[in-house]
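A closer look at the structure
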Amino acid sequence: MHKIRQTIVGRGEIWIKIFLLVALLISLVACSSQAGTDDSAKRSESQTKQGSQQQLVIYTGRDKSVVDDFIPKFESAHPEIKVDVLTIGAQEILERIRGEKTNPQADFWWGGTQSSLLTAAEEDLLESYKPPFGDHIPALYKDPQDRWYGEMLLPEVIMYNPEMLPKAEAPKDWDDLLDPKYKDKIIIRGVLKSGTMRTIYSAMMYRQGVTTPEKGYEWLAKLDANTKEYAQDPTSLYLKLARQEGAMSLWNLQDIMIQKETKKQPFDYMYPVSGAPILVDGVAIVKGAKNIAAAKKFYDFLFDEKIRIEMAEKYYQIPTLSTISKENLPSWLQDVELKPLEIDWQVIGNKEKEWMQYWDENIKGKERNSH
């Protein structure tokens, strides 16, 4: 009987030990699980702080060299943001954003013509956002409802080859181009395929009066009479002027400066005394952007004074930001007096197609062939 009792007690001790061991294991697993949860929470919090999940999708019409130069600088300043860039034409950007309206794929539009941005704003494709620098952009160069802001200005001016035509003999204003002494000295970039030339020609039509288009057509006919030929593309235009096949043209100031200073081409310009059509090239946040916080940071980055000055120095961009003092601008820009032609860009946007079609069908080459 005593032996039986010892056996029972022995077995009871074994079960107690097993129970204690199981309890210990459960406790260890629970602690490990809690520690894992705490570590996971800490990692999640760390990732959130680092912003590792932030992304920014940009559609841009900017030149690849500008994109390759400044996107890494933004990423360096904001390592928490991953940037994806799609480089396409301004018109294609508008069409993409329009097509993606119900499910926006882009966050930021970098480099759009004033005409394209106006259209996008009217179609409710752009987010209304007033950036910190908003009051330092002149009203002429921004949307009154803060849907887009002008980043840089593109004055359209008279371009000439000083080796062929001394500055004193170059035309000082638009109407001087019609002087018979300049016959066969003007080469024009093919108008219909060039946004720059369509803008200049439309501005000349506007100068003569919107309600009297016949006066504008007469002006363009006189210019056509002095025009030697129409170059197929900008490269062809530069080549012909450098070879002195023509002495002058009409073009945008930024590209003239790039050709003159960077490519060392024999080009210079006259800023028309009556004023120049000044194109506004701007930026905007896409309506319904998935990464609007990152888009706002890129907005601020682009309009930082140091960035604007660097872009003026390297890429001959004329900033819209009014806070930059003249002495901080590059030397080439300090001498430029930006006198704009008074133009209603909405009217030009509505009339451009009609005017250019008439010019192409009824004026181009007609004056030359009649002599």
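Residues numbered from 1 in each chain as written. Predicted model: local features only at pLDDT ≥ 70, side-chain atom pairs only at ≥ 80, totals over all residues. Heavy atoms only, no water.

**Some details on the overall build of the chain**
Applicable threshold: Secondary structure is summarised from DSSP: a helix means a run of H or I of at least four residues, a strand means a run of E of at least two, and numbering begins at the N terminus for each. Exposure categories follow from relative accessible area, calculated using a 1.4 Å probe and restricted to protein chains: below 20% of the type maximum is buried, above 50% is exposed, and the middle band is partly exposed. In these tables, accessible area is a Shrake-Rupley quantity obtained with a 1.4 Å probe, and a residue counts as shielded only by the protein chains included in the view.
If you tally the helices and strands in the chain, you get 13 helices and 10 strands. Going through the 371 residues of the chain one by one, you find that 46% of them count as buried. Entry remark: accessible area of the chain is about 19,200 Å², with carbon and sulfur atoms responsible for 52%.

**Focus: the pattern of salt bridges**
This is how it is decided: A pairing counts as a salt bridge when a side-chain nitrogen of Lys or Arg comes within 4 Å of a carboxyl oxygen of Asp or Glu.
Applying the stated criterion to the full structure yields 24 salt bridges. Notably, a salt bridge pairs Glu310 with Lys73, separated by 2.2 Å at the nearest N-O pair. One end of the pair, Glu310, is in helix H10 (residues 305–315); the other, Lys73, is in helix H2 (residues 64–77), and 237 residues separate them in sequence. A salt bridge links Glu100 to Arg96; the shortest N-O distance between them is 3.8 Å. Since its relative accessible area comes to 33%, Arg96 is described here as partly exposed. Taken together, the shared-partner salt bridges connect Arg62, Glu151, Asp281 and Arg308 into one network.

**What about the layout of surface pockets?**
Using the following cut-off: Both cavities and pockets are sets of points on a 1 Å grid over the protein atoms alone; in a cavity a 1.4 Å probe fits but cannot get out, in a pocket the set is open with protein on both sides within 12 Å along at least five of seven lines, and lining residues sit with an atom within 4 Å of a point. Grid points are joined across faces, edges and corners, and a volume is the space filled by probe spheres set on the points. Basically, the charged four are Asp, Glu, Lys and Arg, the nonpolar ten are Ala, Val, Leu, Ile, Met, Phe, Trp, Tyr, Cys and Pro, and anything else, Gly included, counts as polar.
Estimated volume of the largest pocket: approximately 1,400 Å³. Lining the largest pocket are 43 residues, and of these Thr113, Leu154, Gly195, Thr196 and Asp281 lie nearest its centre. In the lining of the largest pocket, the residues fall into 15 nonpolar, 19 polar and 9 charged. Looking at the second largest pocket, its volume works out to about 240 Å³. Ile318, Pro319, Leu321, Leu329 and Leu338 are, among the 14 residues lining the second largest pocket, the residues nearest its centre. Split into classes, the residues belonging to the lining of the second largest pocket amount to 11 nonpolar, 2 polar and 1 charged.

**Focus: unusual backbone geometry**
The phi torsion of most residues other than glycine is negative, and most of the peptide bonds are trans. Backbone geometry at Asp146 places phi at a positive 65°, although glycine is not the residue there. Tracing the chain through its elements places Asp146 in the loop between helix H4 (114–122) and strand E4 (149–160). Residue class for Asp146 comes out buried when judged on its relative accessible area of 18%. In the Ramachandran plot, Tyr316 falls in the positive-phi region, its phi being about 55° despite a non-glycine side chain. Looking at where Tyr316 falls in the secondary structure, it is placed in the loop between H10 and strand E10 (318–319).

**Brief notes about the environment of Phe303**
The criterion, for reference: By the convention used here, residues are in contact when the closest approach between their heavy atoms is within 4.5 Å.
If you trace the backbone, Phe303 turns up in the loop between helix H9 (292–302) and H10. Separated by 152 residues in the primary sequence, Phe303 and Glu151 place their C-alpha atoms 7.5 Å from one another. The contacts of Phe303, once residues within four sequence positions are left out, are Phe133, Ile137, Tyr149, Gly150, Glu151, Val283, Arg308, Thr320 and Leu321.

**Some thoughts on helix H8 (residues 253–262)**
If you check which residues of H8 are buried, you get Leu253, Gln254, Ile256, Met257 and Gln259. The positive-phi residue at the C-terminal boundary of H8 is Lys264, with phi of around 60°.

**Quick look at H10**
Defined as follows: Within 3.5 Å is the distance limit for a polar contact, defined as a pair of N or O atoms, with the added protein rule that one can donate a hydrogen and the other accept it, and that residues adjacent in sequence qualify only through two side-chain atoms.
Of all the residues in H10, the buried ones are Ile307, Arg308, Ile309, Glu310, Met311, Ala312 and Tyr315. Sitting at the head of H10, Asp304 places a side-chain oxygen 2.9 Å from the backbone nitrogen of Lys306.

**Considerations on the pairing of strand E1 (residues 54–60)**
What counts, and what does not: Strand pairing requires that DSSP identify at least two bridges connecting the strands.
Burial analysis of E1 places 5 of its 7 residues in the buried class, which makes it a mostly covered element. As judged from the 7 bridges shared by E1 and strand E2 (residues 81–87), these two strands associate in the parallel manner. Residue pairing in the sheet places Gln55 in a bridge with Lys82 of E2. By the bridge criterion, 3 bridges tie E1 to strand E3 (residues 108–113) in an arrangement that is parallel. Bridged to Ile58 within E3 is Phe108.

**Re the packing of aromatic side chains**
Using the following cut-off: Note on aromatic pairs: the rings of Phe, Tyr and Trp (six-membered ring only in Trp) are paired at centre separations within 6.5 Å, and the planes decide the class, stacked below 30 degrees, edge-to-face beyond 60, tilted for the rest. Geometrically, a charge over a ring is one whose NZ (Lys) or CZ (Arg) sits within 6 Å of the ring centre while staying within 35 degrees of the ring normal.
Across all of its chains, the model carries 19 aromatic pairs by this definition. Arranged with centres 5.0 Å apart and planes meeting at 85°, the rings of Phe74 and Phe298 form a pair that is edge-to-face. Here Phe74, found in helix H2, pairs with Phe298, found in helix H9; they are 224 residues apart in sequence, far enough to count as distant. Among the aromatic residues, those joined into a ring-pair cluster are Phe74, Phe108, Trp110, Tyr129, Phe133, Tyr149, Phe298, Tyr299, Phe301 and Phe303. Positioned above the aromatic ring of Tyr59, the side-chain terminus of Arg96 is 5.8 Å from the ring centre.

**Here's the deal with the side chain of Gln317**
With respect to the helices, strands and loops of the structure, Gln317 is situated in the loop between H10 and E10. A polar contact of 2.9 Å, which involves the side chain of Gln317, links it to the side chain of Arg308.

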